[in-house]
Amino acid sequence: MSKNLVIVESPAKAKTIEKFLGKEFEVKSSMGHIRDLVDKGLGIDFDNNYQPHYEISPDKKKIVSELKKAVKTADTVWLASDEDREGEAIAWHLAEELNLKKQNTKRIVFNEITKDAIIKAIKNPREINLDLVNAQQARRVLDRIVGFELSPVLWRKVRPSLSAGRVQSVAVRLIVEREREINNFKPEASYRVTAVFSSKDSNGKPIELKAELPQRFSTLEEAHAFLETCKSAQFSVDNIEQRPIKKSPAPPFTTSTLQQEASRKLGFSVSQTMMVAQRLYESGKITYMRTDSVNLSSLAINTAKAEIQNMAGEKYVKIRKFSTKSKGAQEAHEAIRPTYMNAHTVEGTAQEKRLYDLIWKRTIASQMADAELEKTNIYINISGSKYQFVATGEVIIFDGFLKVYLESTDDEQDTEASGILPSMKKGESLTYNEILAQERFSQRPPRYTEASLVRKMEELGIGRPSTYAPTISTIQNRNYVEKGDRPAVKRSYNELKLKGEKLSKAIKSENTGAEKSKLFPTDIGMVVNDFLIEHFPDIMDYNFTANVELEFDQIAEGKIKWNNSIDRFYKNFHPIVEDTLKHSERQVGERILGTDPKTGRQLSVKIGRYGPIAQIGTSEEEEKPIFASLRKTQSIESITLEEALELFKLPREIGDFEEKNMTVAVGRFGPYIRHDSKFYSIPKSEDPLEITAERAIEIIEEKREVDRNKLINTFGENGEIQVLNGRYGPYIAFEKNNYKIPKKIDATTLTEEQCREIIASQADTVGKKKKGYSRGKKKS
């Protein structure tokens, strides 16, 4: 048996580390946390200084049993979980549960999985850092208290089965407040004036110059008056201004900036970015991916320098040492970077290759020279006017880091690329070809994307690198926030055009307001947010949440005791919970829209048991109220009386098919057709009020065709093994699990025996996926 047992969190990490250690070392995985707060009850002993009660997670009992056997035969146990607080907590839980002796247990940490890093860690072991463990325990205990105490309040005062979390609730507040900013936004119109001028160069060839008036006019009349002036005006070059400018590269990636840039450049969600980054880290391709440091090690800087010299030459090198500005930076001690800078690409999935490419380029660019540009402004006089047109151009003199990488932004403003301007002389006369005055509108605040929400949370000090992705996933899973698209809408605008001596006016239209992968608060998210702000203002306060994070940092540094921190919070928080349960009113976000013209009864919208509903009548009336579900795209905050009245036209009968009635209705999951006790979803692009009998039959037949094509074959006495066509190709379904069919096998030729062989070969993998490997799987 091996004298040394190394325990890490994941099988992939174990597999990579095993390559670097000799036969004297056995490497095993704990599959993340092996224990958590007990499921039954709160799991915290309030009479014993808030001591948490832990239990082995049911799906980890077998793993713990195997680890205990391995410990018995090992002389030394090396706990090699990640180097952040959560990794430290995993190591501590392992030491506690496996009854490890201090003299035989060593804690090792590394921020990259390379042979040199692993050997160095083995040579420099340390003890488990209990301050880091306590900081993680404090977070876990505080979040359990908040969730355990707030959720029952929401069940009684808003709707059953709701839950609340400390950081998640504040993240929802950000999205709700932004949505209300947008709803209350009133666009202001102004007139942007652009012109196209012509002249001739020194060889007599015609040249064209585009320019813009820096000022905007408030009204159509002002713009019209200006263009009238331009009709008879003389235009000449007043001044040419040239100045050099420099652009510097962005620092290497932190967790937050990687999530933002992967969203903008690759279209990855925050959780997708972290999942792919974790695979790259565990296979030894990048450094640790949960960090708020922008620092690079001396080795990384030197290898980056050598790579830049080989790739582009000495003039492209500029060594930079970035410092971390983030408050309470504590996760890892280095930025996210490739472990080997000379590896421009890696093997792996398409996602892994794309994310690695992004990390490699960002790291290399951070050690490259500034880009040198020349910016030119040409100022054009207008005779008889106080205004000037300005033409702007920008050319790259030396590309520097731009040779490799340019950071994207979340800016939604329309920008036009400015290039090189034609050669001009001061005093040169110009002739206008066309001058346009277009009505433009001020832009509403942008809705958050996952990436821009992470940036905002980081700015406010809410959460830490390890919590951003789980927070954003949780608020979507709880249906407080939805990620979605919204189509553009048509908007009319005025345009004045001066061409020759003719000044014309036209009304044009444009598409505006399209949204893609933006975060929208749901009605229940808004109602819960309002309730929590009213009754628990401290919990929902941005500064309070940020200060809690700073307090966790102080616990990690050993400056304060975690129990005292929890005690201060609880003694203020618990009385508010009790008071809210006793004295607050039930809150359903009710909004009265007006009166139903047919019945004369009140029409309102509110949160019902299964979601937002419209209601005709009240519970106090003798006649029972009538209800209708709001559509997925409607909100109780913005729906109008007319839109609500339309909802009561459903359900409606539209005819018979196969001697059975067809009914169009709207349910919890959207509009549908009911026929012969079966349900057929109506496509999102179609209005259920306009569905005809003919179209309904088409939808029914289309669904039947899909179902017929989905089933390839069935096996077993009761057809328990199914071979099916799926979105990503054929697969086997058995006992609520799905099994991939290898690409080289024709699914239509599979026998029962072959199906069972595929199921058996993938049983371990599928089982692990279902249980899930999670460092921080939390239950509130």
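Structure first, text after, so check above.
Residues numbered from 1 in each chain as written. Predicted model: local features only at pLDDT ≥ 70, side-chain atom pairs only at ≥ 80, totals over all residues. Heavy atoms only, no water.

Chemist: Before we go on, may I ask you to explain the overall build of the chain in this structure?
Modeler: Across its full length, the chain holds 19 helices and 30 strands. Expressed as a percentage of its 780 residues, the buried residues of the chain come to 48%. When contacts within the chain are restricted to residue pairs at least 6 apart in sequence, long-range pairs at least 24 apart make up 70% of them. Carbon and sulfur atoms form 47% of the exposed surface of the chain, whose accessible area is close to 40300 Å². Taking the average location of the 123 positive side-chain charges in the chain and that of its 115 negative ones, the two points are 4 Å from each other. (Helix = DSSP H or I, 4+ residues; strand = E, 2+ residues; numbered from the N terminus. Buried < 20%, exposed > 50% of the residue type's maximum accessible area, 1.4 Å probe, protein only. Contact = heavy atoms within 4.5 Å. Areas by Shrake-Rupley, 256 points an atom, 1.4 Å probe, with all protein chains shown as cover. Lys, Arg positive; Asp, Glu negative; His and termini not counted. Charge placed at Lys NZ, Arg CZ, Asp CG, Glu CD.)

Chemist: Would you explain the sheet that holds strand 27 (residues 711-715) in this entry?
Modeler: Backbone-to-backbone hydrogen bonds join strands into a sheet, with any given pair of strands oriented parallel or antiparallel. Sheet architecture is open: four strands sit in the order 27-28-29-30, paired in antiparallel fashion. Single-partner strands in this sheet number two, and they are strand 27 and strand 30 (737-740). Averaged over all adjacent pairs, the angle separating strand axes in this sheet is 25°, with direction ignored. Inspection of the sheet shows strand 27 paired to strand 28 (residues 721-726) by four bridges, in the antiparallel sense. (Pairing = 2+ DSSP bridges. Axes fitted to C-alpha atoms, helices over the stretch in contact; angles between N-to-C directions.)

Chemist: Looking at this model, I keep getting lost on the nonpolar core. Mind explaining?
Modeler: What tends to happen in soluble globular proteins is that the nonpolar side chains get buried as a cluster. Formed by 121 residues in total, the largest nonpolar core has its most connected members in Phe110, Leu154, Ile286, Leu355, Leu453, Leu532 and Phe536. Tallying contributions element by element places helix 5 (residues 130-157) first for this core, with 10 residues. In this structure Leu532 touches Leu150, Leu154, Ala164, Ser169, Pro537 and Met540, once residues within four positions along its chain are discounted. Formed by 30 residues, the second largest nonpolar core is a distinct cluster that contains Ala211, Leu213, Leu220 and Ala233. (Core = buried A, V, L, I, M, F, W, Y, C linked by side-chain atoms within 4.5 Å.)

Chemist: Where do I start with the environment of Glu646 in this structure?
Modeler: When you line up the elements, Glu646 lands in helix 17 (residues 641-647). Linking Glu646 and Val8, residues 638 residues apart in sequence, is a C-alpha distance of 59 Å. Only 2.8 Å separates the side chain of Glu646 from the side chain of Lys649, close enough to count as a polar contact. (Polar contact = N/O pair within 3.5 Å; in protein donor to acceptor, adjacent residues only side chain to side chain.)

Chemist: Where do I start with the sheet that holds strand 1 (residues 4-8) in this structure?
Modeler: Across the sheet, four strands lie side by side as 2-1-7-8; this open sheet has parallel pairing. Lying at the two open borders of the sheet, with one neighbouring strand each, are strand 2 (25-29) and strand 8 (105-107). The average angle at which neighbouring strand axes cross in this sheet is 25°, direction not considered. Bridge analysis of strand 1 against strand 2 gives five bridges, and the strand direction is parallel. Each residue of the ladder has a partner; that of Ile7, found in strand 2, is Lys28. Against the sheet, helix 2 (residues 61-72) contacts strand 1, strand 2 and strand 7 (76-79), and its axis sits at roughly 155° relative to strand 1.

Chemist: Teacher, can you tell me more about the packing of aromatic side chains here?
Modeler: Within this structure, the stated rule accounts for 18 aromatic pairs. Ring plane angle 45° and centroid distance 4.7 Å describe the contact between Tyr316 and Phe398, whose orientation is recorded as tilted. Note that Tyr316 is positioned in the loop between helix 10 (298-311) and helix 11 (350-366) and Phe398 in strand 13 (residues 388-398), a separation of 82 residues in sequence. Phe398 gets classed as buried once you look at its relative accessible area, which sits at 14%. Measuring from centroid to centroid gives 5.0 Å for Phe569 and Phe573, while their planes differ by 20°, and the two rings are stacked. (Phe/Tyr/Trp six-rings, centres within 6.5 Å; stacked < 30°, edge-to-face > 60°.)

Chemist: Honestly, the pairing of strand 2 in this entry has me stumped. Any pointers?
Modeler: Along a regular strand, successive side chains alternate from one face of the sheet to the other. The alternating pattern of strand 2 places Phe25, Val27 and Ser29 on a buried face, while none of Glu26 and Lys28, on the opposite face, is buried. Read from strand 1 through helix 1 (residues 11-20) to strand 2, the crossover connection turns out right-handed. (Right-handed = clockwise from strand over helix to strand, strands pointing away.)

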